[in-house]
Amino acid sequence: MKTRIYKFSFKTEVHFGNGTLDHSVYTIFADTLFSAMCIEAQKMRCIDTLYQAVKQDHLQLSDGFPFIKDRFYLPKPCIKVSKDSGETLSREHISQRKKFKKLTYIAADLFDDYLNGKDIFKKNNFDKLGESSLRTKAAVRNGSEETLPYHVGTYKFNKDCGLYFIVNYDDDSVISLCDELIKAISYVGIGGKRTSGLGRFDLTVLSQGKEIESVTKLLKTKVDSQEGKMLLSVALPLDNELEDALTDAQYLLVKRSGFTAPDNDETELLKKKDLYVFSSGSYFKNTFKGDVYDVSRGSSHPVYRYAKPMFMEIKAS
């Protein structure tokens, strides 16, 4: 398959929810991007084309990962890495190692060094991505004339920082549709509180060149058949794949839930079915195909939750 990278350079603050309104994380999952694509595809009357493209693995999406200037970051894999035997376990080093355990993303150009047990904490420079903030707003609720304050957590990316998505595809018509849909999303924004102007971004599309070489080189890595693969997207195996996928796997689970707009003039939001999925960074010896799940609840049409895997081969210590 061919690979394309989409860089989102946000022009505004963002609200990427984690279950609470007053807090925002700085990354988004593949299913959030796919849901936004479905909304735009519905407007363009090509939702079935998009659905079949991902259902049949003609189009694969990664989660949104951070970039800082010309450096691209990937999730830290859920594997134990043997430390370099030449390390001196000084007090300073132990402190750095504790800090590094809290990191969730590793620069692509340092990824092999990390897998080989080298101390990359000082070189990773992940603290320059951006900062969280809290907005105070007011709303009239329950027919009352009194305005009540509430707080919205946001995240503001620093200059030349943002998120990028990896997209694999095998057909030019499919990637053309993907280009069109993501460009449309850039105008309306992604994440929560878009009606307040949050989540809008400038889009850069990259398919080759030195800028993305650190990522594409890792994606092309081939390892021994006994080694495993790391997830680059949230994913969930089919029922008949689950037992095999869990064999010798090392993983984290994420609960995906939320609401969808109703079909009629009612103002009540419809809650989606909860879905527990493997997070990016999870490590599997046995791969799986996953699926696009219908998480509608009381809706007259399907509500799709993307849970197809994108894998990257890595060598565990």
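Notes on the structure in this doc start here. (Residues numbered from 1 in each chain as written. Predicted model: local features only at pLDDT ≥ 70, side-chain atom pairs only at ≥ 80, totals over all residues. Heavy atoms only, no water.)

**Observations regarding the overall build of the chain**
At step 1: Per the secondary structure count, the chain includes eight helices and 18 strands.
At step 2: Out of the 317 residues in the chain, the part that is buried amounts to 47%.
At step 3: Taking as baseline every contact in the chain between residues at least 6 positions apart, the subset at least 24 positions apart corresponds to 75%.
At step 4: Within the structure as shown, the chain displays about 16,900 Å² of accessible surface, and the carbon and sulfur contribution to it stands at 46%. (Helix = DSSP H or I, 4+ residues; strand = E, 2+ residues; numbered from the N terminus. Buried < 20%, exposed > 50% of the residue type's maximum accessible area, 1.4 Å probe, protein only. Contact = heavy atoms within 4.5 Å. Areas by Shrake-Rupley, 256 points an atom, 1.4 Å probe, with all protein chains shown as cover.)

**Some details on a nonpolar patch on the surface**
At step 1: A cluster of nonpolar side chains, L242, L246, Y251 and L253, forms an exposed patch at the surface whose accessible area comes to about 330 Å².
At step 2: Examined against the element boundaries, L242 turns out to sit in helix α8 (residues 239–246). (Patch = residues over 30% accessible without salt bridge, like charges linked within 9 Å, V, L, I, M, F, W, Y side chains within 5 Å. Salt bridge = Lys/Arg side-chain N within 4 Å of Asp/Glu carboxyl O.)

**What to know about the nonpolar core**
At step 1: Ranked by internal contacts, the top residues of the largest apolar core, which has 80 residues, are M37 and L59.
At step 2: Not counting residues within four places of it along the chain, the set of residues in contact with L59 comprises M1, M37, L50, A53, V54, V167, N168, Y169, V174, I175, C178 and Y306. (Core = buried A, V, L, I, M, F, W, Y, C linked by side-chain atoms within 4.5 Å.)

**Overview of the environment of I314**
At step 1: Checked against the element boundaries, I314 lands in strand β18 (residues 311–314).
At step 2: In this structure the C-alpha to C-alpha distance between I314 and G228, which are 86 residues apart in sequence, comes to 6.3 Å.
At step 3: Not counting chain neighbours up to four residues away, the residues in contact with I314 comprise P77, I79, F111, L115, V223, E227, G228, K229, M230 and Y283.

**Points about the sheet that holds strand β15 (residues 283–284)**
At step 1: Taken in spatial order, the three strands make up an open sheet running β15-β10-β18, and their pairing is antiparallel. Here the strands that pair on one side only, and so sit at the sheet edges, are β15 and β18.
At step 2: Where strand β10 (residues 228–231) lies against β15, two bridges are found, and the strand directions are antiparallel. Bridge pairing in β15 links K229 to F284. (Pairing = 2+ DSSP bridges.)

**Considering the packing of aromatic side chains**
Each aromatic ring pair is characterised by the separation of its centres together with the angle its planes make.
At step 1: Evaluated as defined, the whole model comprises 24 aromatic pairs.
At step 2: Considering the side-chain rings of F8 and F201, the 3.9 Å spacing of their centres and the 5 degrees angle between planes classify their relative orientation as stacked. One end of the pair, F8, is in strand β1 (residues 2–10); the other, F201, is in strand β9 (residues 201–206), and 193 residues separate them in sequence. Per residue, the accessibility class of F8 equals that of F201, and both read buried.
At step 3: Here K7 stacks its cationic end above the ring of F67, 4.5 Å away from the centre of that ring. (Phe/Tyr/Trp six-rings, centres within 6.5 Å; stacked < 30°, edge-to-face > 60°. Lys NZ or Arg CZ within 6 Å of the ring centre and 35° of its normal.)

**Some details on the side chain of R305**
At step 1: Inspection of the secondary structure puts R305 in strand β17 (residues 304–307).
At step 2: With relative accessibility at 3%, the residue R305 sits in the buried group.
At step 3: Not counting residues up to four positions away in its chain, the partners in contact with R305 are D31, R256, S257, G258, K272, L275, D291, V292, Y293 and V295.

**A few points about the pattern of salt bridges**
Pairs can form between side chains of opposite charge once their charged atoms are near each other.
At step 1: Applying the stated criterion to the full structure yields 14 salt bridges.
At step 2: Residues E313 and K222 are paired through a salt bridge, measuring 3.7 Å at the closest nitrogen-oxygen approach. In this pair, E313 is assigned in strand β18 and K222 in the loop between α7 (213–219) and β10, connecting sequence segments 91 residues apart.
At step 3: Accessibility expressed as a relative area gives 15% for E313, which makes it buried.
At step 4: Connected through salt bridges with shared partners, the residues D31, R256 and R305 form a single ionic network.

**Side note on the pairing of β10**
At step 1: Note: β10 against β18, four bridges, orientation antiparallel. What sits directly across from M230, in β18, is M312.

**Here we look at helix α2 (residues 47–55)**
At step 1: Within the span of α2, buried status applies to I47, L50, Y51, A53 and V54. With its buried residues spanning 160 degrees around the axis, α2 presents them on a single face. Exposed residues on α2 whose side chains face more than 90 degrees from its buried face are D48 and T49.
At step 2: Where the residues of α2 are buried, they touch α1 (30–44), β2 (59–61), α6 (172–188), β16 (291–294) and β17.
At step 3: Phi turns positive one or two residues past the end of α2, at D57, with a value near 65 degrees. (Arc of directions from axis to C-beta.)

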